[in-house]
Amino acid sequence: MDFVAGAIGGGLSTAVGYPLDTVKVRIQTERHYRGIWHCVKETYRTEKVWGFYKGVSASVLMVSGISSVSFGTYKNSLCTICKLRYGAADAKPSKLDVSLAGGAAGAVRVVLMTPSEVAKVRMQTQRNPHPSVTSPQPVSKPKYQGSLHCLKVIAKEEGFGGLYKGCSALLCRDCASSAIYFLTYSALCDWLTPAGKNKPGFLAVLLSGGFAGVLAWGLATPMDVIKSRMQTDESDQHKYRGLIHCARESVRREGAKVLFKGLGLNCIRAFPVNMVVFVTYEAVLRLTDHYTK
């Protein structure tokens, strides 16, 4: 049931946070934006509301599946670790156990999500003005006509490796942030749950999920910037030779502050998105428990 609950929570959270994710990706990969509000205004002026939702349909479907696997992997890894260490799958795990299970969930996510992340970033950074925006120049046909078409074009032009661009940065980002994410959520839930109760209340889940997301994304932002830049590097550009080269070149050209582009947006987006994830996840599990008893 953890897989189903994770899928529903992941899909809903993506729909909630997608517009801010688009703004975040554009700020991280393009230098001409003067800030968050400038990016929002320019995107709306040229592409209207749809500009904030490019690639959202495939992203919702993919994140649902990936979130399902992530939560399922976390729960099963935690049970396996507890069984090996304490002899019982339902034994109370230590903070190290939770971190290890979270890191395992992050690693599994990367294998599944990298192609969809590449397509999402390419779609989000692609420029195709809204028909209502008057322009003296004829509007050219966009290179990517949808998420699936984007994946086909990348595979054709860049090969299988093109679908896994930024995988190294994503692995560094997700293993560490996922460990912090689940550890923070677990620790806050324990702290906010009154003595004598074995499950956290609705408000405790909301706050724990929100703060877990903020902390995880705060720590993940530098690798998120590198990941986005590597994934926008198309076959005819070859700007970056790998993770270290991308980080070095980005810092050389724009200073160390480039690694924290989108930090504020990541944290703002993370709170409501992860509140939705964990509240939905817990609600589905409790509803299932109620009807199966």
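Residues numbered from 1 in each chain as written. Predicted model: local features only at pLDDT ≥ 70, side-chain atom pairs only at ≥ 80, totals over all residues. Heavy atoms only, no water.

Caption draft 1: Spatial organisation of the overall build of the protein chain. What the protein chain contains, in helices and strands, is nine helices and zero strands. If you list the helices and strands of the protein chain from N to C, you get α-α-α-α-α-α-α-α-α. Across the 293 residues in the protein chain, those meeting the buried criterion constitute 49%. Considering only contacts in the protein chain between residues 6 or more positions apart, those separated by 24 or more positions represent 77%. A total of about 14700 Å² of accessible surface is found on the protein chain, and carbon and sulfur atoms cover 66% of it. (Helix = DSSP H or I, 4+ residues; strand = E, 2+ residues; numbered from the N terminus. Buried < 20%, exposed > 50% of the residue type's maximum accessible area, 1.4 Å probe, protein only. Contact = heavy atoms within 4.5 Å. Areas by Shrake-Rupley, 256 points an atom, 1.4 Å probe, with all protein chains shown as cover.)

Caption draft 2: Quick look at the nonpolar core. Counting 21 residues, the largest nonpolar core has Phe71, Tyr74, Tyr181, Phe182, Tyr185 and Phe278 as the members making the most contacts within it. For this core, the secondary-structure elements that each account for two or more residues are α3 (56–86), α4 (95–125), α6 (167–192), α7 (202–231) and α9 (263–292). Per-element accounting of this core gives the leading share, six residues, to α9. Setting aside chain neighbours within four positions, we find Tyr185 in contact with Val205, Ser208, Gly209, Ala212, Phe278 and Glu282. (Core = buried A, V, L, I, M, F, W, Y, C linked by side-chain atoms within 4.5 Å.)

Caption draft 3: Representation of the pattern of salt bridges within the structure. The final tally for this structure, using the stated rule, is 22 salt bridges. Across the salt bridge formed by Arg269 and Asp21, the nearest N and O atoms sit 3.6 Å from each other. Here the residue Arg269 occupies a position in helix α9, and Asp21 occupies one in helix α1 (residues 2–29), the gap between them amounting to 248 residues. Take Arg269 and Asp21: they sit in the same class, and that class is buried. Lys227 is the salt-bridge partner of Glu117, the closest N and O atoms lying 2.5 Å from each other. Of this pair, Glu117 sits in helix α4 while Lys227 sits in helix α7, placing them 110 residues apart in sequence. The exposure class of Glu117 is buried, given its relative accessible area of 9%. The class for Lys227 is buried, based on a relative accessible area of 0%. In the salt-bridge network here, residues are joined through shared partners; they are Asp21, Lys24, Arg109, Glu117, Lys120, Arg173, Asp174, Asp224, Lys227 and Arg269. (Salt bridge = Lys/Arg side-chain N within 4 Å of Asp/Glu carboxyl O.)

Caption draft 4: Focus on the packing of α6 against α7. Contact geometry of α6 with α7 gives a least axis separation of 8 Å together with a crossing angle of 170 degrees. One element, α6, and the other, α7, form an angle in the roughly antiparallel class. Looking at the contact of α6 with α7 residue by residue, the classes come out as 22 nonpolar, six polar and three charged. (Axes fitted to C-alpha atoms, helices over the stretch in contact; angles between N-to-C directions. Parallel < 35°, antiparallel > 145°, perpendicular 65-115°, else oblique. Nonpolar A, V, L, I, M, F, W, Y, C, P; charged D, E, K, R; others polar.)

Caption draft 5: Layout of the packing of α4 against α6. Interaxial distance between α4 and α6 falls to 7 Å at its minimum, and their mutual angle equals 140 degrees. One way to sum up the angle between α4 and α6 is to call them oblique. Here α4 runs over α6; the crossing is right-handed. (Left-handed = near helix turned anticlockwise from the far one by under 90°.)

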